[in-house]
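Here's the letter readout for the chains.
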Amino acid sequence: VQLQASGGGLVQAGGSLRVSCTASGRTFSSYTMGWFRQAPGKEREFVSGITWIGLDTLYADSVKGRFAISRDNAKNMVYLQMNSLKPEDTAVYYCAARGERSPLIRRRISEYEYWGQGTKVTVSS
């Protein structure tokens, strides 16, 4: 599967932004999807994940209550709605896919097989 992230941009603190990920391939609905981010000078970290059918989601503590992940399997899309953005949310956001139909959402980078190119989100104070 090939992934293409989009929707990044510049937003003021407290604002909202939605990033999207488009997937190619007919088996998108069989993949667990995740969003990761990498801030300048920092390691890439898990942000959120959603199971193949979309019934279960998982969030990093740092974004819980502010971010919401969703997917539309008919459109081969996964979204990350980001609200109440903070300057520390500034990063390049990556979508990732793991070929697994499981209720378990992985958090490790090494557990995702496919990656998009990333979209940059900048939150100004």
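For the structure, check the block above.
All of these numbers come straight from a predicted model, not from anything done at the bench.

### Remarks on the overall build of the protein
Regarding its fold elements, the protein presents zero helices and 11 strands. Going residue by residue from the N terminus, the α and β elements of the protein occur as β-β-β-β-β-β-β-β-β-β-β. In terms of overall dimensions, the protein is globule-like: its C-alpha atoms have a radius of gyration of 13 Å, near the 14 Å expected for 125 residues. Seen through its C-alpha atoms, the protein measures out along the principal axes to roughly 40 × 25 × 25 Å. By the burial criterion, 46% of the 125 residues in the protein qualify as buried. Partitioning the contacts of the protein with sequence separation of at least 6, the portion at a separation of at least 24 is 60%. With an accessible surface of roughly 6400 Å², the protein has 47% of that area assigned to carbon and sulfur atoms.

### Re the environment of R26
Tracing the sequence through the fold places R26 in the loop between β3 (17–23) and β4 (31–38). As a C-alpha pair, R26 and N73 span 47 residues in sequence and 9.8 Å in three-dimensional space.

### Some details on the environment of I69
Note on placement: I69 falls in strand β7 (residues 67–72). Sequence separation between I69 and I50 is 19 residues, and the spatial gap between their C-alpha atoms is 6.9 Å. With residues up to four places along the chain from it excluded, the contact list for I69 reads M33, W35, S48, G49, I50, T57, Y59, V78, Y79 and L80.

Rules of the game
Residues numbered from 1 in each chain as written. Predicted model: local features only at pLDDT ≥ 70, side-chain atom pairs only at ≥ 80, totals over all residues. Heavy atoms only, no water. Helix = DSSP H or I, 4+ residues; strand = E, 2+ residues; numbered from the N terminus. Rg over C-alpha atoms; globule rule 2.2 N^0.38 Å. Buried < 20%, exposed > 50% of the residue type's maximum accessible area, 1.4 Å probe, protein only. Contact = heavy atoms within 4.5 Å. Areas by Shrake-Rupley, 256 points an atom, 1.4 Å probe, with all protein chains shown as cover.

Read these as layout, nothing more, since geometry by itself doesn't imply function.
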